[in-house]
Amino acid sequence: MIPPGPRVPSIVQTARFATDTERMFESYHRRYGPIFTLRYAGFPPEVYVTTAELAAEVYRTDQGGGQAGAARKDFLEHLVGAHSVLTLDGEPWWRHRKTLNPPLRAKQVAGYHDDIAAIAAEKIATWPLDRPFALRKRMQDITLEIIIRLIFGIRDAGRTGRLRELLPGLLATGGSMQVALLPERLRPMAARVPFLPYARFLRLRAEVDTILFGEIRRRRETPGGTDVLGRLLETELDDQEIRDELITMLIAGHETTATGLAWAFERFLRMPEVLERLPDDEPYLDAAVKEVLRVRPVVYEAPRLLDAPLRLGGYEIPAGWYAGPYIPLVHRDPAAFSEPERFRPERFLEEHQSRAWMPFGGGRRFCVGAQLALLEMRVIIREVLHRLELTAPDQAPEARRLQNVTLAPAKQTRVTARARTPARTA
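Quick caveat, the model's predicted, so the values are computed rather than measured.

### Overview of the sheet that holds strand β12 (residues 414-419)
- Strand order in the open sheet formed by 3 strands is β4-β12-β9, with antiparallel pairing between adjacent strands. Pairing within the sheet leaves two strands with one partner each, and these edge strands are β4 (133-134) and β9 (388-391).
- Bridge count between β9 and β12: 4 bridges; the pairing is antiparallel. Paired with T391 across the two strands is T416, which belongs to β12.

Have a look at this one:
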């Protein structure tokens, strides 16, 4: 017996997923309970789980029976390539993961602290004052600059300027539903129609690749550097593999981290008692960032493609289906988090971090860039709060809306900024 789910056609379920994600999952959770089946047009059925215990069972398939890379392949390979840690499985995945671990460990990325702070300060100085603006876009500018300088290590003004123009369009087009859900058999035809999103995506990808491969060749001639590219050039990865992992880090560390930052301020600006503790209390800031990612996770799922049947919650899930946690609901599982509806950073100071906390996925496929993302969030939040006083023009919470691969604030976190008055000294 398979888990229950809606009986409407798959094309209807797909359309609702794209336009009403949060309410759709909430309603199915109420109707069907902690495990249910959805069907998206052109893809195998997917079983979602909403408790920490069931999520752990799904993640155990990493030891055999489930493939995380294959689950993402159809949606991401056109963007990240065939040699990405996101789309690989088995020994090739493990080889890439071991290669990426050293430059992205917490101790290693801590060395980027001052550079991240300087980039943030540079961008914050350009923000408008005394009128509302969308904070998420400003955060994307910061995280993109961090990727270009600290991951790609590109310093040439012409190439960095062109990448600033190209990369947002590449991610927006490549991550759009029109491209990500375009069946493989239709892509050759879509590539020949210049005005279609897929054809535009291919043009953007080709130009970005020209810049990245050119940079890789130049850097091989003059090895060294503390950026991630410099360290990858010291490994056995070839040029194509390095290109794919650079784009992977762009995908994993640009829009997702910017969206996490947007949610952080969306939450903090409605909680003055939290906000006033943040700038000068490092442990509390770290806990508050983790609590933001619990109550407003940016990535909504972490599926596995089953290559063997899976017994899950009393049901039998066939091989060839997807299974995965719906992370926003797992983060509200009262068996894993006490008072799950409350925003309470103290839980990350008082308790051991639960395995049910999964904004970066779980199992063996926990995001390799998690430590860099958390560092970025802490540093950028502190830089903003030391320089500006932000307020929310509307105190009503912003709803969640699916944008590319993230659940983002529906109004992009609308804020008004004022220059912070320096404290007087005696």
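Additional details are given in the paragraphs that follow.
### Digging into the side chain of R400
- Here R400 lies in strand β10 (residues 400-403).
- Polar side-chain contacts of R400 include one of 3.0 Å to the side chain of E22.
- From its side chain, R400 meets the backbone oxygen of V295 in a polar contact 3.5 Å long.

### Considering the packing of aromatic side chains
- For the structure shown, the criterion picks out 20 aromatic pairs.
- With a centroid separation of 6.4 Å and 85 degrees between ring planes, the pair formed by Y48 and Y326 is classed as edge-to-face. Of this pair, Y48 sits in strand β2 (residues 46-49) while Y326 sits in the loop between β8 (322-325) and α18 (327-330); the two residues are 278 residues apart in sequence, bridging distant segments of the chain. Pair check on accessibility: Y48 and Y326 agree, each one buried.
- With 6.0 Å between their ring centres and 70 degrees between their planes, F348 and W357 make a pair best called edge-to-face. Taken individually, F348 and W357 each receive the classification buried, so the pair is uniform in this respect.
- Put simply, the rings of F17, F25, Y28, Y32, F36, Y40, Y48, Y300 and Y326 touch in pairs and so form one group of aromatic residues.

Cut-offs applied
Residues numbered from 1 in each chain as written. Predicted model: local features only at pLDDT ≥ 70, side-chain atom pairs only at ≥ 80, totals over all residues. Heavy atoms only, no water. Pairing = 2+ DSSP bridges. Helix = DSSP H or I, 4+ residues; strand = E, 2+ residues; numbered from the N terminus. Polar contact = N/O pair within 3.5 Å; in protein donor to acceptor, adjacent residues only side chain to side chain. Phe/Tyr/Trp six-rings, centres within 6.5 Å; stacked < 30°, edge-to-face > 60°. Buried < 20%, exposed > 50% of the residue type's maximum accessible area, 1.4 Å probe, protein only.

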